[in-house]
Amino acid sequence: MAERLKVHVDPDKCQGHARCKALAPELFELDEYGNAREAGDGTVPPGLEDKAWLAKSNCPEIAIDVIEE
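Note that the structure is predicted; figures quoted are calculated from it, not measured.

Asks: Mind showing me how you'd approach the pairing of strand S1 (residues 5-9) here?
Replies: When a strand is regular, its side chains alternate between the sheet's two faces. Here S1 lies mainly inside the structure; four of its five residues are buried. Bridge analysis of S1 against strand S4 (residues 64-68) gives five bridges, and the strand direction is antiparallel. Residue pairing for S4: His8 is matched across the bridge by Asp65.

Okay, here's the thing in structure tokens:
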């Protein structure tokens, strides 16, 4: 069985750089202050796995986790 991925943004670490939203707009949303959160329940749709890892690696606050289920 193939592993599913989920993204999670730690709201205590996110400082609103929004690189994740720029790199993977399908996976992240911004609140009224510009801080990111995962879209929906954070499930990464098939074909967007690379974008999830790219967003994680580009977060300057190390606020994004990619969880393999």
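Next comes the rest of the account.
Asks: When you look at the state of the cysteines in this model, what are you seeing that I'm missing?
Replies: What makes a disulfide is a covalent bond joining the sulfur atoms belonging to two cysteines. Using the criterion set out here, one finds zero disulfides in the structure. Just so you know, Cys20 is unpaired, no disulfide at all, and the nearest cysteine sulfur is the one on Cys14, 6.3 Å from it. Cys14 supplies the cysteine sulfur nearest to Cys59, a cysteine that is in no disulfide, at a spacing of 6.6 Å. Overall, Cys59 belongs to the buried group, its relative accessible area being 16%.

The rules behind these values
- Residues numbered from 1 in each chain as written.
- Predicted model: local features only at pLDDT ≥ 70, side-chain atom pairs only at ≥ 80, totals over all residues.
- Heavy atoms only, no water.
- Buried < 20%, exposed > 50% of the residue type's maximum accessible area, 1.4 Å probe, protein only.
- Helix = DSSP H or I, 4+ residues; strand = E, 2+ residues; numbered from the N terminus.
- Pairing = 2+ DSSP bridges.
- Disulfide = S-S within 2.5 Å.

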